[in-house]
Number of protein chains: 4
Amino acid sequence: MKLKEYFASVKGEIQERHFWKSVRCEFLGTLLYVLFGCAATVTWDRDNVDPNRILRISSSFGLIEFVLVSALSHASSSQFNPAVTLSLLCTKYISLFRATCYVFVQLVAALLSSAVLYGLVPEYSRQNLAVNEVNPGVSHAQAFGIEFLGTFIFVFSYFSSLRRKNEKLEPKALPCGVSIAAAHLFAAEATVCGINPARSLAPAIFHNAWSNHWIFWIGPFLGGIVGAFTFEYTRDCSIELRDPQT
Amino acid sequence: MKLKEYFASVKGEIQERHFWKSVRCEFLGTLLYVLFGCAATVTWDRDNVDPNRILRISSSFGLIEFVLVSALSHASSSQFNPAVTLSLLCTKYISLFRATCYVFVQLVAALLSSAVLYGLVPEYSRQNLAVNEVNPGVSHAQAFGIEFLGTFIFVFSYFSSLRRKNEKLEPKALPCGVSIAAAHLFAAEATVCGINPARSLAPAIFHNAWSNHWIFWIGPFLGGIVGAFTFEYTRDCSIELRDPQT
Amino acid sequence: MKLKEYFASVKGEIQERHFWKSVRCEFLGTLLYVLFGCAATVTWDRDNVDPNRILRISSSFGLIEFVLVSALSHASSSQFNPAVTLSLLCTKYISLFRATCYVFVQLVAALLSSAVLYGLVPEYSRQNLAVNEVNPGVSHAQAFGIEFLGTFIFVFSYFSSLRRKNEKLEPKALPCGVSIAAAHLFAAEATVCGINPARSLAPAIFHNAWSNHWIFWIGPFLGGIVGAFTFEYTRDCSIELRDPQT
Amino acid sequence: MKLKEYFASVKGEIQERHFWKSVRCEFLGTLLYVLFGCAATVTWDRDNVDPNRILRISSSFGLIEFVLVSALSHASSSQFNPAVTLSLLCTKYISLFRATCYVFVQLVAALLSSAVLYGLVPEYSRQNLAVNEVNPGVSHAQAFGIEFLGTFIFVFSYFSSLRRKNEKLEPKALPCGVSIAAAHLFAAEATVCGINPARSLAPAIFHNAWSNHWIFWIGPFLGGIVGAFTFEYTRDCSIELRDPQT
């Protein structure tokens, strides 16, 4: 009868009004995160590469993450990232059904976002637009380690900022935005910094660029899960997130 | 008798002491926003373009927005932007009469600001000073889309940070400043980033530069309205901004 | 008998234990502000000028202002600037005697700070170290206007963030730091950005560089006073800073 | 019998569950601080030095400090730095035994961190990776002064943000991160900015680079102690950190 109970709990979740709002917010948030973040990788000047490229990528992703978390955290814990969703699933903060729905809309949103960005930039800068590529001087194992560590610090910081408010988990915007910026400063030279499989998948589909694509899924997933459990291990017992407190 | 009632409500608004303070603050805020923001587009070095141009524009607009919202939000909801005012009108937060007054003083303030900036810079950098121009590699439709999205993220963030305090709507300074910086990082290469019709109109009048000027009105207006309704749609019902709460 | 009363109030102020702490904090704060801020103008590389010079100057001054205000605001309202002290005197927040003491220690601290910085940098970069100079393309009137406006935005923001706490005026660190950074982004190209007569006087004495020095006194003083009264004019009546509230 | 009492107090500390958590957090925090900070000094491009090098180093160290303090301050006062630990020991906030344990794990963590970083970067950029070197134009005394002042401002700011919460000392994340960034902007050109003996020791061991290594121990230690006592001297009596307050 376990399956029956499972379906009952899924049914209960679907009927919640807040569930659908969360799904919509995940869609909107991932769309804007990927769009405004990836736009910083565009080469607008036909002749030169921007000397501030790394600073621009880091600030764009960091600032947009701050904006989105502060605007949408009341609705869906502002995940916008399959690696975060998987980490929340593994630490049992969200149900399998909810995680599946979130990851699905995140991927669709990222794909839509890549299409919009493709449409917005000049033709000469559409080549491999925002694709996560491994720097030629960097080996696969190194790229994996960098993606792992970048996601680790972000998910670690995300979990450290989670608070329970009105029966919902809400992250704080500042640690999220700052850790996204730090991770991009760390990883942007080596891999253009994925740390978000949805952000990495969309340009790969669009430009059919699949070399080393596994790095941008396994790295963030492992980094996220390890980051989440590391923080859970250091968390003060006095903060009990799982039980609602008003 | 509807017209009579309307005039009565307008009369009531005019007689409020706070109304005139709001109008003065909108004037002052728009003046300083346009002045300190546009100053970052000036070429001070006769021979070179600053390699950090995009970072400077983004930080200047973002920092001054933060300063002004944190200083003036107690008085006029710190709009400083006809697109924000129109969005607040469409979502019925402010009256038509108030919106008209605000837009009028915003345009006058921006014009004054352009004159001051023109006076402050060396002669060799006065050519098309701070004019919003579409990058030659970017089509009109793309420029429209970029202005639309830049205003969308700002107004979305502005609405998300609105709180009711002492019967007045007050935005929070940090999300406003950060979203302004993110929007400028996104749009500065393509259109020098308008996302504020007052900021775009003033240099256009001053330098008689009207090519594609419609983009800097229709883009922000549509982006602002869509951003405002998008946030209203995700807003938690529990936050009731329209009814005063002390 | 007015003079007698005046001396009695001065005597009362001197006997306050907190008065001497404030004076010491003004000394320490100005010393660190001028030292860490001006260090960003040093040319460390013998052959090249740093392409990020303006960004470095702006962030150095902004970050150190944030650090100092957040550390010392409990003691002396974190002025560190004769223009701020004069503005507080004109708006009657502090007494003439206190203002004189503050300005005196600010000037001494800035001078000491210049000496320390001179000792810390390589010989080839000691030429006109951190001196405020008017850009050759900029006229005297323009330089004056720029110093005026830079101080205006800082003092306006400083006043807007003042709160009364335990019978003392305390500014908030974030608006102060951000407005200092915005003012330096605005003015650094034209005048190396003074907006603080103590910061301008010390290198001038040290390097005997007095050309246009009046600009760095009259500009900040007028800008500060106008900024202070502008904010006082927009201040909500409900916030009563002058009367102590616990 | 004094020794006996001492061992009893050590035994008491060891048996505290929170003590071991603090030690683990110091290990984790120092590991991540050194890793993400030092990664900004890596030359990824074989041919060019990044023109934004100083800005990247400053933002990387500042952002990661903010992330780590906001995530871990509930556990171990987020020291991650032998100079901070020594300052807390001298001001009697922590016991000698605790300080020794912290410094030991900090050094081990930094060494591990250097090994990880060495593994993650391309071969051509492993030469003297992240080693603190004195700029050839700068004398030993100058380098000492710069390390002293950089640590002074950080420890001063760290102490100013300490609050007692649930019987534990917790620093605030924003002043810590901002002062780390300010110190790196100040010192990165002259000494690559150590201000943390653990961060300086690890690359020195790894690359056997010991020239002037004393500067990166004596400078931070003296700067930290002087910074700590300077703040203690200005601290308001009303804030009593030593006695627990709930």
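Residues numbered from 1 in each chain as written. Chains lettered and ligands numbered in written order. Predicted model: local features only at pLDDT ≥ 70, side-chain atom pairs only at ≥ 80, totals over all residues. Heavy atoms only, no water.

Peer 1: Can you help me understand the overall build of chain A in this one?
Peer 2: Broken down by element type, chain A carries nine helices and two strands. Going from N to C terminus, chain A has its helices and strands arranged as α-α-α-α-α-α-β-β-α-α-α. Radius of gyration (C-alpha) of chain A: 18 Å, near the 18 Å computed for a compact globule of 246 residues. Across the 246 residues that make up chain A, the buried fraction comes to 65%. Counting only contacts in chain A whose residues sit at least 6 apart along the sequence, the fraction spanning at least 24 positions is 78%. On chain A, roughly 9,300 Å² of surface is accessible, and the fraction owed to carbon and sulfur atoms is 62%. The average position of the 20 basic charges and that of the 18 acidic charges among the side chains of chain A differ by 7 Å. (Helix = DSSP H or I, 4+ residues; strand = E, 2+ residues; numbered from the N terminus. Rg over C-alpha atoms; globule rule 2.2 N^0.38 Å. Buried < 20%, exposed > 50% of the residue type's maximum accessible area, 1.4 Å probe, protein only. Contact = heavy atoms within 4.5 Å. Areas by Shrake-Rupley, 256 points an atom, 1.4 Å probe, with all protein chains shown as cover. Lys, Arg positive; Asp, Glu negative; His and termini not counted. Charge placed at Lys NZ, Arg CZ, Asp CG, Glu CD.)

Peer 1: Where do I start with the interface of chain A and chain D in this structure?
Peer 2: Quoted interface sizes are often the accessible area lost when the parts come together. Listed by partner, the interface residues are 33 residues for chain A and 34 residues for chain D. The largest share of the area that chain A buries against chain D comes from Gln142(A), Leu185(A) and Phe186(A), three residues that together contribute 19% of it. Remark: the boundary between chain A and chain D carries one salt bridge. Arg56(D) is paired through a salt bridge with Glu189(A); the nearest N and O atoms lie 3.3 Å apart. Our count for the contact surface shared by chain A and chain D stands at five residue pairs in polar contact (both at pLDDT 80 or more). Contributions of two or more residues to the side of chain A that touches chain D are made by α3 (53-76), α6 (140-160), α7 (173-191) and α9 (215-234) of chain A. For the side of chain A that touches chain D, the element with the most residues is α7(A), which contributes 10 residues. (Buried area = accessible area lost by both parts, 1.4 Å probe. Salt bridge = Lys/Arg side-chain N within 4 Å of Asp/Glu carboxyl O. Polar contact = N/O pair within 3.5 Å; in protein donor to acceptor, adjacent residues only side chain to side chain.)

Peer 1: Explain the packing of aromatic side chains here, please?
Peer 2: The relative placement of two aromatic rings is captured by the distance of their centres and the angle of their planes. Evaluated as defined, the whole model comprises 56 aromatic pairs over all chains. Taken together, the aromatic side chains of Tyr93(A), Phe154(A), Tyr158(A) and Phe159(A) make up a single cluster linked through ring pairs. Taking NZ or CZ as reference, Arg126(D) lies 4.7 Å from the ring centre of Tyr118(D), over its face. (Phe/Tyr/Trp six-rings, centres within 6.5 Å; stacked < 30°, edge-to-face > 60°. Lys NZ or Arg CZ within 6 Å of the ring centre and 35° of its normal.)

Peer 1: For this particular structure, what's the right way to read the nonpolar core?
Peer 2: Among soluble globular proteins, nonpolar side chains are generally buried collectively. Of all hydrophobic cores here, the largest spans 275 residues; its most connected members are Phe159(A), Phe159(B), Phe159(C), Phe186(C) and Phe159(D). Leaving out residues up to four positions away in the same chain, Phe159(A) has contacts with Ser87(A), Leu88(A), Thr91(A), Tyr93(A), Ala228(A), Phe231(A), Glu232(A) and Arg235(A). (Core = buried A, V, L, I, M, F, W, Y, C linked by side-chain atoms within 4.5 Å.)

Peer 1: So what exactly am I meant to see when it comes to helix α7 (residues 173-191) of chain B here?
Peer 2: Between its first and last C-alpha atoms α7(B) spans 25 Å; for 19 residues at 1.5 Å apiece the expected length is 27 Å, and the two agree. Along α7(B), 17 of the 19 residues are buried, which leaves the element largely enclosed by surrounding structure. (Expected span 1.5 Å × (residues − 1).)

Peer 1: What should I look at first to understand the pattern of salt bridges in this one?
Peer 2: Side chains that differ in sign of charge can pair as their charged atoms come close. Throughout the structure, instances matching the rule amount to 17 salt bridges over all chains. Within the structure, one salt-bridge network assembled from shared partners comprises Glu13(A), Glu16(A) and Arg98(A).

Peer 1: I keep staring at the packing of helix α2 (residues 17-38) of chain B against helix α3 (residues 53-76) of chain B and nothing clicks. Help me out?
Peer 2: Packed helices, taken two at a time, are described by the angle their axes make and the gap between the axes. All names here are of chain B. Remark: α2 packs on α3, axes separated minimally by 9 Å, with the N-to-C direction vectors making an angle of 170°. In terms of their interaxial angle, α2 and α3 are classed as roughly antiparallel. Of the residues in α3, those touching α2 at His18, Lys21, Ser22, Cys25, Glu26, Gly29, Leu32, Tyr33, Phe36, Gly37 and Cys38 are Ser60, Phe61, Ile64, Glu65, Leu68, Leu72, His74, Ala75 and Ser76. Grouping the amino acids of the contact of α2 with α3 by side-chain chemistry returns 10 nonpolar, seven polar and three charged. (Axes fitted to C-alpha atoms, helices over the stretch in contact; angles between N-to-C directions. Parallel < 35°, antiparallel > 145°, perpendicular 65-115°, else oblique. Nonpolar A, V, L, I, M, F, W, Y, C, P; charged D, E, K, R; others polar.)

Peer 1: How should I be thinking about the relation of the copies chain A and chain D in this particular structure?
Peer 2: In this arrangement, two copies of a chain are superimposed by a rotation about an axis accompanied by a shift along the axis. Expressed as a screw transformation, the operator carrying chain A onto chain D has a rotation angle of 90° and an axial translation of 0.0 Å, and the superposed copies differ by an RMSD of 0.0 Å. Each copy turns onto its partner about a four-fold axis. Mapped onto chain D, only 9% of the interface residues of chain A again fall at the interface, so the copies present different surfaces. (Least-squares fit on C-alpha atoms with pLDDT ≥ 70 in both.)

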